[in-house]
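# Fold and geometry: a report
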Amino acid sequence: MTIQKSFKPSMAAIAASLLVAACGGGGGSSSDASPAAPASGASTPATTNPANLTTPQYPADSFHLAAFNLLNQQRQQCGFPALQENTALDQATAAHAQYLATNNVFTDTEVAGNPGFTGVNYTDRAAHFGYMATNGSVGVSGGFYTPATWTETQYGQQAVYGLISGVYHIMIAASPTNTVGIGKVATTYNGFPEEYYALNLTNYQQVTTNAPLTFPCQGTTGVAYSAGGEIPVPPATSGNWGTPVAVAGNPTDTIVMQTGTMTDLSSHVIGLQVLDSAKDPNKILPSWMGVAYPTTPLSPNSQYTVSLTGTINGAAFSRTFSFTTGNVIG
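Here is a short report on the structure shown in this document. All figures in this text were calculated on a predicted structure; none of them were measured in a lab.

## Let's talk about the environment of G330
- Along the chain, G330 turns up in the segment after β15 (315-325).
- Sequence separation between G330 and W241 is 89 residues; the distance between their C-alpha atoms is 9.9 Å.

Put into structure tokens, the structure is as follows:
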């Protein structure tokens, strides 16, 4: 799956373009449930994965640290597992980012024989660098260009805001995983930086006994109020959509979405499009996740109250909470 977006990020209030991709079996921003063989030319990987780092070692003021911190902050405030850095996954995602830049493409999959090939998919590339993702993997990749020079922190934050504003890519904020690798390569286009990046989240976990959780959740602030350009196009949209809400359980759970609304402070009620693995015509969402989203943009810097109903493993659930958008377009 390849996703293309156009947006005007608030951090610089300038036009930019973003290409984002996500792949894998069973998920939108995607899930690989079983390991694959090592990439051609790779040595046989170790039977145990390289240990995670309890403290991230990404350089200060780097794209990587900014993306890692923002994604973790957004996930943890809603009860999803904290992510820990894994250097083997860092190597795998850095290699994929370099593949994107070298071949001037935006894709999750690599083609054997192309310069920089290290594996067809995220699981292949992880294995190439010694990490065996044996119980689930979520991978996203892409890049963007701005006709201005931002700080590395701004680039990393915008990458995450762009991903979690996608109807499918919001999965990185709600996946039941606890391990991450982040890779980034910068080139130059029209005299300004063009960023290529990839994230790989692995190691499925039991998240909670109170599933499902949501992202955003009560008290979330700063999320994008408008997003667009996702390919495949989210159902019922003809342009940009508003902030999506992910509803996620544990890896073995099945979520069925029934109804969803958002209400602003003027008591205007917005009906939400609801998707789950059965309803998704693109067959991207995994069974443990559903999504509800307004099919037109919301307003910036505004509070909305969300009401959702559905079932988890056949048992009814309802969730009501409020979040506030930022001045960000994803």
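## A few points about unusual backbone geometry
- At the junction of A211 and P212, the peptide bond is cis and its omega measures out at 5 degrees in the coordinates.
- Along the chain, P212 falls in the loop between β6 (192-204) and β7 (213-215).
- Here F215 and P216 are connected by a cis peptide whose omega angle stands at -5 degrees.
- Located in the positive-phi region is D61, a residue other than glycine, with phi close to 60 degrees.
- Mapping D61 onto the fold places it in the loop between β2 (16-23) and α1 (63-77).
- Residues other than glycine seldom take positive phi values, yet K283 does so here, at roughly 55 degrees.

## Considerations on helix α2 (residues 87-103)
- With 17 residues, α2 extends 24 Å from end C-alpha to end C-alpha; this agrees with the ideal 24 Å at 1.5 Å per step.
- In terms of burial, α2 is largely enclosed, as 12 of its 17 residues are buried.
- Among all positions in α2, only A88, L89, D90, A92, T93, A95, H96, A97, Y99, L100, A101 and N103 are buried.
- Buried-residue contacts for α2 involve β3 (84-85), α3 (122-128), β4 (137-145), β5 (177-189) and β6.

## Observations regarding the pattern of salt bridges
- Counting across every chain of the model gives 4 salt bridges.
- A salt bridge links E110 to R125, with the nearest nitrogen and oxygen atoms 3.7 Å apart. In this pair, E110 sits in the loop between α2 and α3 while R125 sits in helix α3, placing the two residues 15 residues apart along the sequence. For the pair formed by E110 and R125, the shared burial category is buried.
- With a shortest N-O distance of 2.7 Å, E152 and K184 are connected by a salt bridge. Note that E152 is positioned in helix α4 (residues 152-164) and K184 in strand β5, a separation of 32 residues in sequence.
- Its relative accessible area of 17% is what places K184 among the buried residues.

Calculation criteria
- Residues numbered from 1 in each chain as written.
- Predicted model: local features only at pLDDT ≥ 70, side-chain atom pairs only at ≥ 80, totals over all residues.
- Heavy atoms only, no water.
- Helix = DSSP H or I, 4+ residues; strand = E, 2+ residues; numbered from the N terminus.
- Expected span 1.5 Å × (residues − 1).
- Buried < 20%, exposed > 50% of the residue type's maximum accessible area, 1.4 Å probe, protein only.
- Contact = heavy atoms within 4.5 Å.
- Salt bridge = Lys/Arg side-chain N within 4 Å of Asp/Glu carboxyl O.

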